[in-house]
There are 2 protein chains.
Amino acid sequence: MLKKTVSTSLAALSLLLGYQAQAQLVKYVKPIIGTERMGHTYPGATVPFGMVQLSPDTDTIPYEMNGKYNPDVYKYCAGYQYEDKTIVGFSHTHFSGTGHSDLGDFLVMPTTGELKLNPGTADAPRSGYRSAFSHTTEVAEAAYYKVKLEDYNITAELTATNRVGFHQYTFPASDQSHIILDLMHNIYGYEDKNVWTVLRIENDTLVTGYRQTNGWARTRTEYFAISFSKPFFQYGNKNFSKKQVYRGFWGKFNQSSNFPEIAGKQLRAYFDFKTTEGEKIKLKFALSPVSIAGALQNLRTEAPGWDFEKVKADGQALWEKELSKITIQSNSDEEKQNFYTAMYHAFINPTVYMDVDGSYRGLDQQVHQAKDFTNYTTFSLWDTHRALHPLFNLVQPARNADMVKSMLAHFDQSAEHMLPIWSHYGNENWCMTGYHSVSVVADAYVKGILTNDANRALDACVTTAHNRGFDGLNYYMDKGYIPADKNGSAVSTTQEYSYDDWCIAQLAKKLNRMDVYNEFIKRSEYYKNVYDASSGFMRPKLSDGTFRAAFDPLSTINEGFIEGNAWNYTLYVPHDPAQLITLMGGKKRFVQYLDSLFTMELPDKYFAETEDITRDGIIGNYVHGNEPSHHVAYLYNWAGEPWKTQERVRMILKKMYAPKSDGLGGNDDCGQMSAWYIFSTLGFYPVAPGSDQYSLGSPAINGAVLNLENGKTFTIEAQNQSDKAVYVKQVLLNGQPLNRLYITHSEIMNGGKLVFVMSTKPVKK
Amino acid sequence: MLKKTVSTSLAALSLLLGYQAQAQLVKYVKPIIGTERMGHTYPGATVPFGMVQLSPDTDTIPYEMNGKYNPDVYKYCAGYQYEDKTIVGFSHTHFSGTGHSDLGDFLVMPTTGELKLNPGTADAPRSGYRSAFSHTTEVAEAAYYKVKLEDYNITAELTATNRVGFHQYTFPASDQSHIILDLMHNIYGYEDKNVWTVLRIENDTLVTGYRQTNGWARTRTEYFAISFSKPFFQYGNKNFSKKQVYRGFWGKFNQSSNFPEIAGKQLRAYFDFKTTEGEKIKLKFALSPVSIAGALQNLRTEAPGWDFEKVKADGQALWEKELSKITIQSNSDEEKQNFYTAMYHAFINPTVYMDVDGSYRGLDQQVHQAKDFTNYTTFSLWDTHRALHPLFNLVQPARNADMVKSMLAHFDQSAEHMLPIWSHYGNENWCMTGYHSVSVVADAYVKGILTNDANRALDACVTTAHNRGFDGLNYYMDKGYIPADKNGSAVSTTQEYSYDDWCIAQLAKKLNRMDVYNEFIKRSEYYKNVYDASSGFMRPKLSDGTFRAAFDPLSTINEGFIEGNAWNYTLYVPHDPAQLITLMGGKKRFVQYLDSLFTMELPDKYFAETEDITRDGIIGNYVHGNEPSHHVAYLYNWAGEPWKTQERVRMILKKMYAPKSDGLGGNDDCGQMSAWYIFSTLGFYPVAPGSDQYSLGSPAINGAVLNLENGKTFTIEAQNQSDKAVYVKQVLLNGQPLNRLYITHSEIMNGGKLVFVMSTKPVKK
C-alpha cells in the first residue's frame, strides 16, 4: 500500500504543480448547493472519495424527544441546514445527500470565556457552547470551509486530506480559550446510541481514542488521533453517563481535571489555552476504522506538517484533477456551477474505508488487509447503481473496479452470504430493496472495467440471489412474484429483482455460464407477473394469485411500492422497455401514459405522502427525487417519440437543479441525483446498467470533452444548442450519421466525437 | 511464538509420557478446598496459569436488586458456593480467591425438554434452564470436573487447555436436546454491564463472536470460537435488550430462528440436537483477547482433535509437572492434600493473556505483539507481592520474569505512566493501595531472575512513585505522610509506600544509581511519621501535623487503614523490623505486643466489621485472612524469641488451612494465602521481598525437595518433626550449623541441604 501511496502522492504533486497554474474548474464548485431543505448535502471539507468529511453541524435532532418519535430527525442527515442560525461545532464524518442518517462523529468546537460543556439548543444558544453565525462570513469551496463564530469572535477554517481533518482557528486575545471535544454528539442520536468511548491524553499535544455506536450501522467503531499545534495548559473531561458502576476505585484520581484517560458511554472533554489577538491554533484530526495506531500512522503519513494553506491547496488540486475528467463548454456560469458541483457531489461517495497500510475493518467486525485494492464503503446501492456507478465506469474506472472488489470482500465476510445492499462502515444496514450490487458488478464486467475473478463475482451474485431468508426472495423464486399480503414493498421488489436478475444473466452470458444465464433470464421476466392488464398498472398481487381489490395508483402508502406509486413504478422495467411497451398496449398508448405522468394535476393529498420530496420536486406526477423514475424520461426513445425525451429531460434539468442552497429537488442520494444531471447534461443516460448502451437525450451544453483514464478523449459537440434549441435534428458519431437512439460504452472508450445538431422545433422521424 | 509453542508442546508431550506412568501428586489436589464460604476458589478445570478457567456457576447475585445495593454480591467471586443446590451452567473465566469480582464470560448449559431461555433462580430453579445437582456425583480434580445435572439426566465433564475449554456432555435419548449459550450471564452483573455482544453462526458446527463488558475491568472484550462435535439441526437467538433502535431494517429477516448473526447488549442463543441414549456431544470453546481470528487459531493449535480423555490427561500431566517442583515427605494425607492444593491454587493466577501467535490486547485497548515474553494478567499485587511472587522466584523463575516483562509493557501503555496496581485483562482496575509492582520488579532483579532492561525497570518504578495525582502520593512526597483528613487509608498507605520505596532503593543500589537510592531510602523511613509513641501505634495524622484525637486501635473502619486495624498494621514495616522494634520501645515490649495480638479477646462488635474474614479466621486479634499481617508471626525472630515464631506459625497452619470445602480462613487471594502455606510448611518465609533473605520458621513436613529450574535441588529435612515437635533446636545448612535466623536466595538456588532439628520444647537461645 505504501508504494501506491507514494506514487499517488507524486502524481498528486505533479498535478498540483500543473493545476495550481490553471485551477480553472474548482471555482465553479458550490458546496452550498443542496444544503437547504431536501438536498441533504453538507458544505464542509472533503477530498474526492475521502474518508474524512469535516463539516459544520448546525443542529441535530434526536430520534425521540420526550419519549416520542421525532419525524424531523431526517432533516439533519448531513448535519447542516442552510436556514439555521447557529453552528454547534465541526464533526468529522457525514453522508452526502442521504435520506436516512448516521455519523457526525467527533465534534470539535472552539470557544472563549466561560466553559460550557453542553451544546445548548437552537432556541437558547447561549446556554451552551454553540455559536451564532451568518452566511455573509461563510465560505464553502471544494476542500475548504470558513466561517466566523460570532459569539466568540473566532474564525474557523477547515480543510482535509483523505484521512485527516485539518482545523485552523483564529482566536481573539483570551485567557479562557477552549477547544471542546464532544464525544456524545451524533447525527440521529438516541439514548443508547453511544455504546462505548475511550479517550486518552497522551501528552499536551496528542489525544487518542475511539467510539463505538449502535445506529444505522449496528456495530460501528471509529478510532482517532488528534494533534494540536500548541500545547494546552490544562484539560478536563466529564462522564455524563447516567449510571456506571465501579467508579469507586477510579476515585483515587480527580478524573474531571487533567486526568489522562477516561472511558464510558457519554464523554465530553475540553482543552484550555491562553491566546493572543489573532493567534491561530490548528488541529490535525486523523481517523481510522482499525485502531489508534492506524489513526496515528494515517496522521503521520498524510499530514506531517502544519501548513494549512498547503493542505488546502493540495486538496483543491485533487479536486481539480477529478473535475478535469470532463470539461464543458457553456456560456452560462450557472450551468458550470451546476455541472461542476454535480461532479463534486458525484465524487464524494462512496468513501475510502482503509488505513494507509491497507488494513480495514470488515463486515465480521474483524481487521482485514486489502491486498490489491482500496477498500470503500458508503454504498447506497438502491440509488447509486442507476447512474453513479455507470458514471464511474466512464470516468472513474479504476476506482469502480476497487469498489467492486470491496463488494466481493464484503460478500466473503457476510454471515448471510450476500453482496452488499447498503454498505456502511463495516456494517450492512440493509436499507431499501433489491440486491442492486449485482447490477454494479455485472455492469463493471460487461463494460470490461474488471476481468479478474469474474466467476467468483458471478457466484457471489448467484448466492446472493438465492437467499431464501431475504425479503421475499423465497416467494419470488417459488411463485414468480412476491405476494402483497407477505411483504410491504411486494410489487416494486418483484420488479427490482427482475431487473437485478437480468444483470446476473448478462454477466453469465459474458462468461458463457449458460445454466446460470437460463435461470436468471427467466427470472428477469417475473415483472410480468405483477402487471395487471385490466388496470394497466403494476399492482399488488396476493398469495392466492388475485390482484388486491383496493388499489390507488397515485398513492405511495401501502400499495406495495417503496418510495413511489404505481403510476411511476409501472414504468420500472429498465432492462426491457420494448417488452414493457408491448405489455402496456403498444407505443401510442405508452406515449399517452408518459404524457399523462408528466402533465397530470396531482391532488393535494398525495403531496403530503411523499417522503424526501418537495412540491417543487414533482412534475405532474413524475417524482424526480425518487430514483426509480430516473430512467423514465428516456423511455420515449423506445416508443418512437424521441423529441419528447429531449423535451422532458431538458425540463427536468432546469426545474430540479439550481445552483442555490435549496437548488436540489430531493436528496442528492450519495451522488445519484448529481450523476443523473451529469449524464443528461452531456446528452445520454444509462437506462439499464448491465447493458453497454447509453440512451440518447438532449445535451444542455455546447460541448464537452471526456478525458478518459485510458488516455483517449471523447468529444461531444452540440451545434446551435440553447435553452430553446432542445430538440435533436441529427446525431453524428465520428462523422457518420447515427441511425439509432443509443451509443455504446466501447464507442465512448475508444475515443471519438459525438455531434448533436440541435433545433428549436421537435424532429419527428 | 510458533517455535516456542512447538517446543512447549514437545516438552509437554515428553513429560506426559513420563508422568502418565507416575502421576503421583495430582491425586492430592482437591479443588473443592475453599469453595465454601470465604475461600472464593472454584472447582472447575484449568491448566497452570491458563487463560481458560471452565467452571460451574451455582448462582450469581447482581450488584443491585430492586434498585438496592446487594451486599451478598461478593459471595460469588468465583461463581460457585459449595452449599448451593443448583448449577446455572459452565462459564469460561473465573478469578481464584479474590474478594472482588468479575468475569464469568460465556455460560454454556446443556438441557433437554422444553427450551427455557433464562437461568431461573435458586428459589425457583425449574422456571429456567439451571439444574439441581448433588456433590455425591461431583468430581473435581486438577484439570477435570464432572457432575450430573439431575433435572436433565445429563452428565457434564469439563477439561481445558491453556486457551480452550473442552466440554463433554452425555445426553439421554431426546428429540429436544439443547445447548444454551447465555451471553448475558456475568459474575457481578449490573444493568449496563454488558456493553456489546456480537454472535455469528458460521455454519452448523462453528459459532464465533465476542462480548465487551464494563465491570471491575472498565473496557474488557473477550472473543470466542466454538466448535461442536455434532451439527445442530436448528438454532435460534434472542435479543433481550430493552431498547435498540434500527431493528426495522433487520426485520427483513426472521432473526429469532436460524439467523446467522446478531448483535446487541443482551443476547442468548440455543443450539438444538436429537440425541440417542448415552450420546456424547462435545464443545471446544476457544477464547482470545484479540480477535475472532485469534480464537480460531488458538482452537486449531491447542485442540485440533476430539479426544476428551487425551486433553484431560495432557492437562493433568501439566499439573503433575508443576507440582513436582516441590516434593514433600509427610505421613499425613491431609498434609499432602493441603500442600498440593496450595501449590495448585498458587499456580492458577496470574493468567496467560495472549494468543498462540503472541498478540494480546494492551492497556491502551490496542493490539500488541509480545516479542520475547508470554504476556500475563490478573495481578492482584496488593496480595501477591508478599509471598506468591517470591515463591515464583524460587520455583517459577522463567514465568515470573515474563510477568515482570508484562508489567513493564503495561507501564509503557499506561496513560498515567504507572506500573500495574491490579492488572485485569487489558485494564487497570486500581484495586487496593500502594504500588507493589515495584516490590515484584525489585525482588526479581535483586534475586537475579532478570537482568535485561534493569534500568528501564527502575525508571518505570521511579515514574510510578512520582505520580502526584495518585492516591495521596503528592502529600506523601511533600509532607512525608498522607494526612488522614485527605485520604481514607492514609496510615496504611503511608506505610505501604515506605516499604515499596525501600524496594525501589534496593534495585537502585544493585544498579549503582545512587541518586535514586538516596531519594528512596529516605522515603522508606516515612512510616516513622505516622507512629504515635504516646499510644504505641501507627495512628491517623492530620494535615496540621497532629494525631487525630478519636482513635480506636481495634477498629478497621475509618481509622485510616485498609483491611485492618492499628493493632495489626503497626507491625507493618516488613523492610526494617529492627527499626520498628526500636521505635516501639525495644525487644521486650515488642514481644509483649505480639503476644497480646495473638491472645487477646476481641470484643464481638469488631467481628462484624471484618470483610472477607470469618470468626474462625481470627486468632486473638491476628487476622490471617488480611494480607498485611502475613509477615507478623515471623517478627519474633527479630525480637530474640524465635521459638514463638515457630509456635505461632504452626498454629496458624493448623487453624487456617484444612482440606475441606470450607477449609480456607479467608479469600485465597489469587494464591497469596496458598503461597503463605507453602513457604511456612517448608520452614521459611520472605518477610521483605526486595531483600534476598527468607526468615526461618518451623517446617510442618518431614522433608521436601525443591527441584529448581536451573537443574539443582534444594533439600529440606526436619528431624523428629511432628505436630508437637514444632520448636527448632538447631539448623544446619550444607552440614554447617547456621547461626542466623534466615537463609538467602542464593543459598537455595545453588542447591544444597537445610536440616532442622526439631524439639517438643521451646529452645530459648
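Below is a summary of the structure that appears in this document.

About the thresholds
- Residues numbered from 1 in each chain as written.
- Chains lettered and ligands numbered in written order.
- Predicted model: local features only at pLDDT ≥ 70, side-chain atom pairs only at ≥ 80, totals over all residues.
- Heavy atoms only, no water.
- Helix = DSSP H or I, 4+ residues; strand = E, 2+ residues; numbered from the N terminus.
- Rg over C-alpha atoms; globule rule 2.2 N^0.38 Å.
- Buried < 20%, exposed > 50% of the residue type's maximum accessible area, 1.4 Å probe, protein only.
- Contact = heavy atoms within 4.5 Å.
- Lys, Arg positive; Asp, Glu negative; His and termini not counted.
- Charge placed at Lys NZ, Arg CZ, Asp CG, Glu CD.
- Polar contact = N/O pair within 3.5 Å; in protein donor to acceptor, adjacent residues only side chain to side chain.
- Pairing = 2+ DSSP bridges.
- Disulfide = S-S within 2.5 Å.
- Salt bridge = Lys/Arg side-chain N within 4 Å of Asp/Glu carboxyl O.
- Nonpolar A, V, L, I, M, F, W, Y, C, P; charged D, E, K, R; others polar.
- Axes fitted to C-alpha atoms, helices over the stretch in contact; angles between N-to-C directions.

Let us now look at the overall build of chain A. Of regular secondary structure, chain A possesses 20 helices and 38 strands. Relative to the compact-globule value of 27 Å for 765 residues, chain A shows a C-alpha radius of gyration of 26 Å, a close match. The principal-axis extent of the C-alpha atoms belonging to chain A is close to 80 × 60 × 50 Å. For chain A, buried positions account for 68% of its 765 residues. A fraction of 70% describes how many contacts in chain A between residues 6 or more apart in sequence connect residues 24 or more apart. Computing the positive centroid from 75 side-chain charges and the negative centroid from 81, chain A places the two 2 Å apart.

A word on the side chain of Thr378 of chain A. Residue and element names in this part refer to chain A. Locating Thr378 in the fold gives a position in the loop between strand S24 (376-377) and strand S25 (379-380). Overall, the relative accessible area of 1% leaves Thr378 in the buried class. Within the structure, the side chain of Thr378 is placed 2.8 Å from the side chain of Thr351, a separation counted as a polar contact. Not counting the four nearest positions on each side in its chain, Thr378 is found in contact with Phe95, Asn349, Pro350, Thr351, Trp422, Ser423, Tyr425 and Cys670.

This part is about the pairing of strand S15 (residues 220-228) of chain B. Residue and element names in this part refer to chain B. Along S15, nine of the nine residues are buried, which leaves the element largely enclosed by surrounding structure. A two-sided burial pattern is seen for S15, the buried positions comprising Arg220, Glu222, Phe224, Ile226 and Phe228 on one face and Thr221, Tyr223, Ala225 and Ser227 on the other. Where strand S14 (residues 206-213) lies against S15, eight bridges are found, and the strand directions are antiparallel. Each residue of the ladder has a partner; that of Tyr210, found in S15, is Tyr223. Linkage of S14 to S15, two consecutive antiparallel strands, is achieved through a turn of six residues. Note that S15 and strand S19 (residues 280-288) share six bridges and pair antiparallel. Paired with Ile226 across the strands is Phe285, a residue of S19.

A few words now on the state of the cysteines. Tallied over the entire structure, the rule returns zero disulfides over all chains. Note on Cys461 of chain A: no disulfide assigned, nearest cysteine sulfur contributed by Cys503 of chain A at a separation of 8.8 Å.

Attention now moves to the interface of chain B and chain A. Frequently, the measure chosen for interface size is the accessible area removed from exposure when the parts meet. Every contact between the two is made by 56 residues of chain B and, on the other side, 56 residues of chain A. Joining chain B to chain A, the criterion identifies two salt bridges. Taking the shortest distance from any N to any O, the salt bridge between Glu261 of chain B and Arg218 of chain A comes out at 3.0 Å. The interface formed by chain B and chain A contains eight residue pairs in polar contact (both at pLDDT 80 or more). Sorting the residues of the side of chain B that touches chain A by element identifies strand S13 (194-203), S14, helix H2 (247-250), strand S17 (261-264) and helix H3 (292-302) of chain B as the ones contributing at least two each. Residues that form the side of chain B that touches chain A fall into these classes: 27 nonpolar, 17 polar and twelve charged.

Next up on the list: the sheet that holds S17 of chain B. Residue and element names in this part refer to chain B. The strand order across the open sheet formed by nine strands is S8-S9-S10-S11-S19-S15-S14-S13-S17, and the pairing between neighbours is antiparallel. This sheet does not close on itself; its edge strands, each paired only once, are strand S8 (139-141) and S17. Across this sheet, the average inter-strand angle for adjacent strands is 15°, counted without regard to direction. Across six bridges, the pairing between strand S10 (residues 154-160) and strand S11 (residues 164-170) is antiparallel. Bridging across to S11, Thr159 finds its partner in Phe166. Here helix H4 (residues 308-323) sits on the sheet and contacts S8, strand S9 (144-149), S10, S11 and S19; the angle it forms with S10, its principal contact strand, is near 45°.

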